[in-house]
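Architecture at a glance
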Amino acid sequence: MQRDEQRDYEWVYRTGFTSVARTVFLIVNDRAVAEEITQDAFLKLLQKWSVVSDYERPEAWTRKVAVRMAVRYVGRERSRPQRERRAQPLLADPPLPDPDVARAVATLAPMQRAAVALYYWEDRPVLEIARILQVSESTVKQHLHRARARLAETLDEEVSGDVR
């Protein structure tokens, strides 16, 4: 950028920044965001200065850019709670097992714990558990069988039913 071009850009910046920022503030209702958007618009002006400097009113081009950026910002902010809600799991806090059951499960071997959690709490089929744990289906069934026997012993209950 040549010295004359730089001087012209600085003049447009100094004379237009406050007015553009005020307009953006009225759209976004946040002074810091308004200043940031206005700065971004003037940065775009600087990047396009070789073309926009020939316009009759370069500050009008900047205002148009800033207003469009502000409107997009408000739209994003308005839809943010909805997007954040969709991004959250449906159950913020999954129901926890009975404390006695949780303590009993904690005594199991790690693979048995994983199989029990996936089968009984996440209600996943044996085939999917086998894929997750990277073992065969029969190994998953074996882990579940042994885990049920151990849990029944620990919790003083009877073992019933087989894994399907």
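It should be emphasised that the depicted structure is a prediction, and the values quoted were computed from it without experimental measurement. (Residues numbered from 1 in each chain as written. Predicted model: local features only at pLDDT ≥ 70, side-chain atom pairs only at ≥ 80, totals over all residues. Heavy atoms only, no water.)

Topic: unusual backbone geometry
The backbone phi angle of asparagine 29 is positive, close to 60 degrees, even though this residue is not glycine. Within the secondary structure, asparagine 29 sits in the loop between helix 1 (3-28) and helix 2 (31-47). A relative accessible area of 61% places asparagine 29 in the exposed class. Within the chain, glutamine 134 stands out as a residue other than glycine whose phi angle is a positive 60 degrees. Looking at where glutamine 134 falls in the secondary structure, it is placed in the loop between helix 7 (126-133) and helix 8 (137-155). Take glutamine 134: its relative accessible area is 73%, and that puts it in the exposed class. (Helix = DSSP H or I, 4+ residues; strand = E, 2+ residues; numbered from the N terminus. Buried < 20%, exposed > 50% of the residue type's maximum accessible area, 1.4 Å probe, protein only.)

What to know about the UniProt feature "domain: RNA polymerase sigma factor 70 region 4 type" (unreviewed entry) in the protein
The feature "domain: RNA polymerase sigma factor 70 region 4 type" (unreviewed entry), as given by UniProt, occupies residues 101-151 in the numbering adopted here. Note that residues 101-151 is 80% helix and 0% strand, and that its end C-alpha atoms are spaced 8 Å apart. (UniProt positions renumbered as here; feature names shortened; annotations may be inferred.)

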